[in-house]
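What the coordinates show
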Amino acid sequence: MNERQIVIFRLLSDAITPVSIETLMGITQKSKRTIFRDLATINQYLSKKELGTMESTNEGYRITLVDNNQSKKIFNHQINDEETILLALVQNDYVTIEQLTEKLYASRFAITEKMNIVKMNYKDVFNISVTNKGHHLNEPIYKKLLIVANIIQRNIDKYLHDLDISTDQYQKTIFFIKESPYFSVSFPNCSPAQIFYLIFATYLITDEINSFCKSISLEDFLSIIADVKSSKYLEEFSNHCMMIKESLSKEKIYNTIELLKEEFSIEFEDEEELIDRLEDHLLRELSYTYYLKDDSLYNISDYMALYPFSFDLSMYFCNYLATMYNFEIYNSKLIGLYFAVYVEKNLKENKKILLYAPQSAISFLNRELLQDYFTGVTIELGDNVEKLSNHYSLIIDCTQALNSTEYPVVKVKNQLFTKSDLQHFQNILENIYIHNHKNDIFNQPTNFTYPILNQKNWISVIEGITLMLQSKNVISSDERKAILTREQQDNSLIINDIIIPHCISKHSGRFNCYYVHLDNDFIYEDRKIRHVLITVVSPENQKKSNLFKFLYNYFVDNKDYLSQVNNLEDFIDRI
């Protein structure tokens, strides 16, 4: 069944009363003829698999399953239309729209749309060309094998089910691969499960899947090794793995890290350990690349919003590796997770808190509470600030009598701190730089409303906004270029209805957010965008403020309020 038929199947099997043809036509936006054809296909599938029956009445259609839990299993045993198209491109030199129309039970127009979506989604990954013979996947053998292995990996339950391979057989086979020295030597940096998908893929590509099924038992598994050794697909893939193992080195990663350090004036915490971890990850990622688009697999959007500096560095890191050493890394987000750990630790500024209180049991206990709660923060206790010469990030005044000082002060009662008190102190400590420099950061003169007009492409919108900011001399040409380059990589930072195009500036002292209100909602990645916050920050100021973490929390905590504002004054009112 195709994706549309699965939708219909779900509707009919979940329905309490029959669903009319007109309802199905409205939901799927298909003709009555197409719906009838879909129902025939679903009914045939039900009968063949002995899953249940389809009831037809004057009111409509409804499916009754033998096992109500069977529905979930059925969905696990289908590959989607995108995967079907990719599989067809691998299995055939040329694939026509007509061939896909028959395979997916869809109109020529619908298939053309689906093919265009596939080409758009994978424009930076696969080279899909069009000739008078049809669509052609112009990629090396090892990459084609990986595509099919990825599809099997995502749909392993379906393939094990279709070939009647038991979980026990599957696990025994994985164990055999793990214990066999041949596989670890031939396919370095690939897991036993990945090697299984690759072997499986060679048979699926060549339409010899039944022979694979017969050879899957542990007793006969040795017999397929001869086929593996002679397979051009696996031979090419083995050569690919060997090449990655020989060409990737710590020295190349070190050189790339040095470029980042020089360009952005930053240092890395535990640099040697970071390089070791990156080498291990890159060997695995480059050897067995997962190409398929799957947002649920790497659902790290919250981390990207909290630590965009780290994820920006990962994009530069991957671009350098590609430019200098021809290593193509298609998922820089996973690299960003490593930087989020090793970079953010180094960005944290050493902070000191003065607990301004008389020497007493309560004061000593409060100091212990602060030391336990704050990691990497120095806590000092005293009641004579003039004698204490250290620079303090925050003074907690338990006497409520401290005169004005050059340091930020919060006045509290001289009693044991609660968890709520500690959270309050943390919020002040993390955001005090932003609070003290709010009007400098959010520059009032640059506040303006941008007319969307007929622009439908986000890149054209951001080009227009940044050009206006550059003409006002508030961002430089290289900052504008950095912002546009980042946005063109389809990796925009969006929180609620606010999009934050940003860059790490090479100009010292930069720490600015430029607010732009859109005169109409702009639909981008299926979300309504109302506000644009162009953000330019230098590494040393990001270290002082942790700006992006503050913005994330501010936007989330004030979601409903911010959705109603249309100017900078209201936008920052609750900071």
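Predicted model, so just to flag it, every value in this text is computed and none were measured.

Points about the overall build of the protein chain
When helices and strands are counted, the protein chain shows 29 helices and 14 strands. In the protein chain, which comprises 575 residues, the proportion classed as buried is 50%. Sequence separation of 24 or more characterises 68% of the internal contacts of the protein chain that already satisfy a separation of 6 or more. Split by element, the accessible area of the protein chain, about 28,900 Å² in all, is 46% carbon and sulfur.

Some words on the pattern of salt bridges
What the rule picks out here adds up to 20 salt bridges. Glutamate 258 is paired through a salt bridge with lysine 261; the nearest N and O atoms lie 3.0 Å apart. One end of the pair is glutamate 258 and the other is lysine 261, both in helix α16 (residues 250-264) and 3 residues apart, which spans about a single turn. Classification of glutamate 258 by relative accessible area gives partly exposed; the value is 26%. A residue is classified by how much of its surface remains accessible, and lysine 261, at 15% relative accessible area, is buried. When salt bridges with common partners are traced through the structure, they connect Glu258, Lys261, Glu267 and Glu271 into a single cluster.

Overview of unusual backbone geometry
You will see that asparagine 326, though not glycine, has its phi angle at about 60°, which is positive. Assignment of secondary structure puts asparagine 326 in the loop between α19 (308-325) and α20 (332-347). The backbone of asparagine 496 shows a phi angle near 60°, a positive value even though the residue is not glycine. When you line up the elements, asparagine 496 lands in the loop between β10 (494-495) and β11 (498-499). Judged by its relative accessible area of 22%, asparagine 496 falls in the partly exposed class.

Details of the pairing of strand β6 (residues 377-382)
Within β6, 5 of the 6 residues are buried, which leaves the element mostly enclosed by the surrounding structure. Relative to β6, strand β5 (residues 351-356) runs parallel, the two being bridged by 6 bridges. Bridging across to β6, lysine 352 finds its partner in threonine 378. Read from β5 through helix α21 (residues 361-373) to β6, the crossover connection turns out right-handed.

A word on the side chain of aspartate 81
The topology assignment puts aspartate 81 in helix α5 (residues 81-91). What aspartate 81 contacts, discounting residues up to four positions off in sequence, is Asn2, Glu3, Leu104 and Lys114.

Let's talk about the sheet that holds β5
The strand order β6-β5-β7-β8 describes an open sheet built from 4 strands, whose pairing is parallel. The open sheet has two free edges, formed respectively by β6 and β8 (409-411), since each of these has just one partner strand. Adjacent strand axes in the sheet meet at a mean angle of 20°, parallel and antiparallel pairs treated alike. Of the pairings in the sheet, the one linking strand β7 (residues 394-397) to β8 comprises 3 bridges and is parallel in character. Its bridge partner being in β8, isoleucine 395 is matched across the sheet by valine 409. In the packing of α21 onto the sheet, contacts are made with β5, β6 and β7, and the angle to β6 comes to roughly 170°. Contacting β5, β6, β7 and β8, helix α22 (residues 419-436) runs over the sheet at an angle of about 150° to β7.

Digging into the packing of aromatic side chains
For the structure on display, the rule yields 21 aromatic pairs. When the centroid spacing of 6.0 Å and the interplanar angle of 50° are considered together, the rings of tryptophan 458 and phenylalanine 522 count as tilted. Of this pair, tryptophan 458 sits in helix α24 (residues 458-471) while phenylalanine 522 sits in strand β13 (residues 511-524), and the two are 64 residues apart along the sequence. With respect to burial, tryptophan 458 and phenylalanine 522 carry one shared label: buried. Every member of this aromatic cluster is reached through a ring pair, and the members are Tyr159, Tyr170, Phe196, Tyr197 and Phe200. Above the plane of the ring of tyrosine 159 lies lysine 158, whose end atom (NZ or CZ) is 5.3 Å from the centre. The lysine or arginine in question, arginine 574, covers the ring of tyrosine 561, its NZ or CZ lying 4.0 Å from the ring centre.

Some words on the nonpolar core
With 58 residues, the main nonpolar core has Phe126, Ile152 and Phe237 as its most contacted residues. Those elements giving two or more residues to this core turn out to be α5, α6 (97-104), α7 (108-121), α8 (141-154), α9 (156-162), α10 (167-179), α12 (192-205) and α15 (232-247). Considering each element in turn, this core owes the most residues, 10 residues, to α12. Setting aside residues up to four positions removed in sequence, phenylalanine 126 forms contacts with Leu86, Leu137, Glu139, Lys143, Ile147 and Tyr291. Phe309, Tyr342, Ile441 and Ile504 belong to the second largest nonpolar core, which has 54 residues in total.

Conventions we followed
Residues numbered from 1 in each chain as written. Predicted model: local features only at pLDDT ≥ 70, side-chain atom pairs only at ≥ 80, totals over all residues. Heavy atoms only, no water. Helix = DSSP H or I, 4+ residues; strand = E, 2+ residues; numbered from the N terminus. Buried < 20%, exposed > 50% of the residue type's maximum accessible area, 1.4 Å probe, protein only. Contact = heavy atoms within 4.5 Å. Areas by Shrake-Rupley, 256 points an atom, 1.4 Å probe, with all protein chains shown as cover. Salt bridge = Lys/Arg side-chain N within 4 Å of Asp/Glu carboxyl O. Pairing = 2+ DSSP bridges. Right-handed = clockwise from strand over helix to strand, strands pointing away. Axes fitted to C-alpha atoms, helices over the stretch in contact; angles between N-to-C directions. Phe/Tyr/Trp six-rings, centres within 6.5 Å; stacked < 30°, edge-to-face > 60°. Lys NZ or Arg CZ within 6 Å of the ring centre and 35° of its normal. Core = buried A, V, L, I, M, F, W, Y, C linked by side-chain atoms within 4.5 Å.

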